Amino acid sequence: NAGVTQTPKFQVLKTGQSMTLQCAQDMNHNSMYWYRQDPGMGLRLIYYSASEGTTDKGEVPNGYNVSRLNKREFSLRLESAAPSQTSVYFCASRKDSTLANEKLFFGSGTQLSVL
Amino acid sequence: TQLLEQSPQFLSIQEGENLTVYCNSSSVFSSLQWYRQEPGEGPVLLVTVVTGGEVKKLKRLTFQFGDARKDSSLHITAAQTGDTGLYLCAVPSSNTGKLIFGQGTTLQVKP
């Protein structure tokens, strides 16, 4: 009963390094999301994928790219990490983004520090 | 500007006290969700409200959606230490499929 799995759980990068955060869900959900969480800011949407083959920008997309590899997997890439990207990153999924009442299922997060 | 404003930002109370937290906006929403997040974990859905004036109860938690569907409140009766966490409200953004969150209320319940 894995749900949404994120890797890694912790990561430290130097400014300018690149990395990819991985996310996979085993609930056959169509929609997947990447959020970042900073103190006092709640959760801010970076990118989302309403269905396999589509991706769209959220509130704070600058400095990030995403890939919806298949229905299960949605990765987030930082091409050139900056200290402002230090944050906790959450991947989430839900069955259908067109139904506003659909529940979001979250992974347990990736704590990223950029020095 | 924040689409959703949550208040208070931080609340520290003793076990057994009652409390209310708020989620406000100037926009009208088709629905609103409340999530709770514990340290080191992702948020978990508590409830979805969809009708103006709707009241839903989850044990000691009472959720209300404003009549005009612009705001919501969460009332906890006789708080317990297990209620400690970050409470987040969230709304759909038009028909885009996005779900937008407020900045959250951090609740600390002391024994």
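Residue numbers here run from 1 along each chain, matching the order of that chain's written sequence. Just so you know, chain letters begin at A and ligand numbers begin at 1, following the order they were written in. With pLDDT at 70 or above as the cut-off, local features in this predicted model cover only qualifying residues; side-chain atom pairs require 80 or more to be listed or tallied, and sums for whole chains, interfaces and linings still use all residues. Only heavy atoms go into the side-chain values, all of them from the structure, while hydrogens and water stay out.

Focus: the sheet that holds strand 3 (residues 19-24) of chain B
All names here are of chain B.
- The sheet built from 5 strands is open, its strands ordered 1-3-8-7-6 with antiparallel pairing. The open sheet terminates on both sides in strands that have one partner only, identified here as strand 1 (5-7) and strand 6 (55-58). Taken over all neighbouring pairs, the strand axes of this sheet differ in orientation by 15° on average, direction set aside.
- Two strands are counted as paired when DSSP detects at least two bridges linking them. The helix and strand labels rest on DSSP assignments: H or I over at least four residues marks a helix, E over at least two residues marks a strand, and numbering proceeds from the N terminus. Relative to strand 8 (residues 71-76), strand 7 (residues 61-65) runs antiparallel, the two being bridged by 5 bridges. Residue pairing for strand 8: Phe65 is matched across the bridge by Ser72. To define axes, lines are fitted to C-alpha atoms, for helices over the stretch in contact only, and angles between the resulting N-to-C directions are given on a 0 to 180 degree scale.

Quick word on the interface of chain A and chain B
- In this analysis, two residues are considered to be in contact whenever any of their non-hydrogen atoms come within 4.5 Å of each other. Each partner contributes to the interface: chain A provides 24 residues, whereas chain B provides 25 residues.
- Throughout, the accessible surface (probe 1.4 Å) given up by two parts as they are put together, summed over both, is called the buried area. Summed over both partners, the interface of chain A with chain B buries about 1700 Å², with 54% contributed by carbon and sulfur atoms.
- Salt bridges are identified by distance alone: a Lys or Arg side-chain nitrogen within 4 Å of an Asp or Glu carboxyl oxygen. One can count 0 salt bridges joining chain A with chain B.
- Looking at the side of chain A that touches chain B, the elements that each hand over two or more residues are strand 4 (31-37), strand 5 (43-49) and strand 9 (87-94) of chain A.

Considerations on the pattern of salt bridges
- In total, this model carries 5 salt bridges over all chains according to the counting rule given.
- Its salt-bridge partner being Asp38(A), residue Arg36(A) comes within 2.9 Å of it at the nearest N-O pair.
- Between Asp83(B) and Arg60(B) there is a salt bridge whose closest N-O contact spans 2.9 Å. Of this pair, Asp83(B) sits in the loop between strand 8 and strand 9 (85-93) while Arg60(B) sits in the loop between strand 6 and strand 7, and the two are 23 residues apart along the sequence.
- Through salt bridges with shared partners, one network takes in Arg36(A), Asp38(A) and Arg44(A).

Observations concerning the nonpolar core
- For this analysis, a nonpolar core means a set of buried residues of the types Ala, Val, Leu, Ile, Met, Phe, Trp, Tyr and Cys, connected via side-chain atoms within 4.5 Å. Think of it in three bands: with a 1.4 Å probe and only protein chains considered, a residue is buried below 20% of the maximum accessible area for its type, exposed above 50%, and partly exposed in between. In this structure, Leu19(B), Leu32(B), Trp34(B), Leu74(B), Ile76(B) and Leu107(B) are the most contacted members of the largest nonpolar core, which totals 23 residues.
- Counting only elements with at least two residues in this core, the list comes to strand 2 (10-14), strand 3, strand 4 (32-37), strand 5 (44-49), strand 7, strand 8, strand 9 and strand 11 (105-110) of chain B.
- For Leu107(B), the contacting residues outside a window of four places in its chain are Leu11(B), Ile13(B), Leu19(B), Ile76(B), Asp83(B), Thr84(B), Gly85(B) and Tyr87(B).
- Of all hydrophobic cores here, the second largest spans 19 residues; its members include Met19(A), Met32(A), Phe74(A) and Leu76(A).

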